[in-house]
Amino acid sequence: MKPKLVFATNNLHKLNEVSAILVDSVELLNLKDIGCETDIPETGTTLEENALIKAEYIYKTYGLDCFADDTGLEIEVLNNAPGVYSARYAGEGKNSEDNMQKVLLEMKNTENRKARFRTVIALIRKGEKQLFEGIVNGEITGNKAGTNGFGYDPVFVPEGYIKTFAELSTEIKNSISHRAIAVQRLCKFLLEK
């Protein structure tokens, strides 16, 4: 019997992405499935803190094994900004289009385009906490390209590819992305326990 796990997110894009990766490993529940309508605040100053805040809230409130993630785009020339503030880089409205435009504007005349996506997953299972990290290196494009994915996907080209995440198929992205790497590490841990 597959273990049940709550993924503490309201982001349907993330939920679909992770569901596709975990399909055979666990029975994945989302916040709606457990009746949680709270928008859990991300008040941490690191990805690790934010992931733990969300997972701890679900575990303490509902008593269910769960995991949560936080992801940031870290751009070398911007001192790893937007980082932990990626979702609200252009303001509290969490508008992906505005966030991308701000990044493109800030990098307009910059030769160094190096960036990386970093995901941290916090798992709380039977009261024990574990962290899993996934990183994919790449670079920021000069213009948006592609319609797949979400967030900064149209401006990020992963290392070894010539297309943005938003131009790649879901299958390819789910096999190479930062979130995929972190989720695979989570899966490996769950299967070994």
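What comes next concerns the included structure. Residue indices follow the written sequence of each chain, beginning from 1 at its first position. Side-chain atom pairs in this predicted model are given and counted only at pLDDT of 80 or more, local residue features only at pLDDT of at least 70, and totals for whole chains, interfaces and linings cover all residues. The side-chain quantities take in all heavy atoms of the structure and omit both hydrogens and water.

Focus: the packing of helix α1 (residues 12-22) against helix α5 (residues 178-192)
To be explicit about the condition: Throughout, an axis means a line fitted to C-alpha atoms (over the contacting stretch in the case of helices), and angles, computed between N-to-C directions, take values from 0 to 180 degrees. A helix here means a DSSP run of H or I that spans at least four residues, while a strand means a run of E at least two residues long, and both kinds are numbered starting from the N terminus. These descriptions rest on fixed angle ranges, namely under 35 degrees for roughly parallel, over 145 for roughly antiparallel, 65 to 115 for roughly perpendicular, and the rest for oblique. Should the near helix be turned counterclockwise from the far one by less than a right angle, the crossing is left-handed, whereas a clockwise turn marks it as right-handed. For this analysis, residues touch if any pair of their heavy atoms sits within 4.5 Å. Each residue is assigned to one of three groups, with Ala, Val, Leu, Ile, Met, Phe, Trp, Tyr, Cys and Pro labelled nonpolar, Asp, Glu, Lys and Arg labelled charged, and all others, Gly among them, labelled polar.
Contact geometry of α1 with α5 gives a least axis separation of 10 Å together with a crossing angle of 45 degrees. As the angle between them shows, α1 and α5 are arranged oblique. Helix-helix and strand crossings are classified by hand; for α1 and α5 the assignment is right-handed. Here K14, E17, V18, I21 and L22 of α1 come into contact with α5, specifically with R179, A180, V183 and C187. A breakdown of the residues in the contact of α1 with α5 according to their chemical character gives 6 nonpolar, no polar and 3 charged.

Section: helix α2 (residues 47-62)
Given 3.6 residues to a turn, an α-helix orients residues that are three or four positions apart in the same direction. Defined as follows: Expected helix span is computed as 1.5 Å times (number of residues minus one). We call a residue buried when its accessible area falls under 20% of the maximum for its residue type, exposed when it is over 50%, and partly exposed in between, using a 1.4 Å probe and counting protein chains only. Relevant arc is that of directions from the helix axis to the C-beta atoms, nothing else.
Helix length check: α2 (16 residues) gives 23 Å between terminal C-alpha atoms against 22 Å at 1.5 Å per residue, within 8%. For α2, the full list of buried residues reads L47, N50, A51, K54, A55 and I58. The buried side chains of α2 occupy one side of the element, clustering within an arc of 125 degrees when seen end-on. G63 sits one or two residues past α2 and shows a positive phi near 65 degrees.

Considering the pairing of strand β5 (residues 114-125)
Applied cut-off: Pairs of strands are assigned from DSSP output, requiring at least two bridges between the strands.
Across the 12 residues that make up β5, a large majority, 10, are buried. One ladder, built from 10 bridges, connects strand β3 (residues 66-75) with β5; its direction is antiparallel. Pairing of F67 across the sheet is with L123, part of β5. Sheet topology places β5 next to strand β6 (residues 128-140); 12 bridges connect them, and they run antiparallel.

Here we look at the layout of surface pockets
Basically, it comes down to this: Residues are called lining when one of their atoms sits within 4 Å of a cavity or pocket point, these points coming from a 1 Å grid over the protein atoms alone, where a cavity is a set in which a 1.4 Å probe fits but cannot get out and a pocket is an open set with protein on both sides within 12 Å along at least five of seven lines. Grid points are joined across faces, edges and corners, and a volume is the space filled by probe spheres set on the points.
For the largest pocket, the calculated volume is near 680 Å³. Lining the largest pocket are 31 residues; nearest its centre among them are N11, K14, E42, A87 and F150. The set of elements that each furnish at least two residues to the lining of the largest pocket consists of α1, β3, α3 (96-106) and α5. If one sorts the elements of the lining of the largest pocket by residue count, β3 sits on top with 5 residues.

Some remarks on the packing of aromatic side chains
Any two aromatic rings considered together are summarised by their centre-to-centre distance and by the angle between their planes. The following threshold applies: When the centres of two rings from Phe, Tyr and Trp lie within 6.5 Å, Trp using its six-membered ring, the rings pair. Their planes under 30 degrees apart give stacked, over 60 give edge-to-face, and anything left gives tilted.
A complete count under the given rule lists 5 aromatic pairs for this structure. Seen from their ring centres, F7 and F67 are 4.6 Å apart, and the 10 degrees between their planes marks the pair as stacked. Placement of the pair is F7 in strand β1 (residues 4-7) and F67 in strand β3, with a sequence separation of 60 residues. You can call F67 buried: its relative accessible area is 1%.

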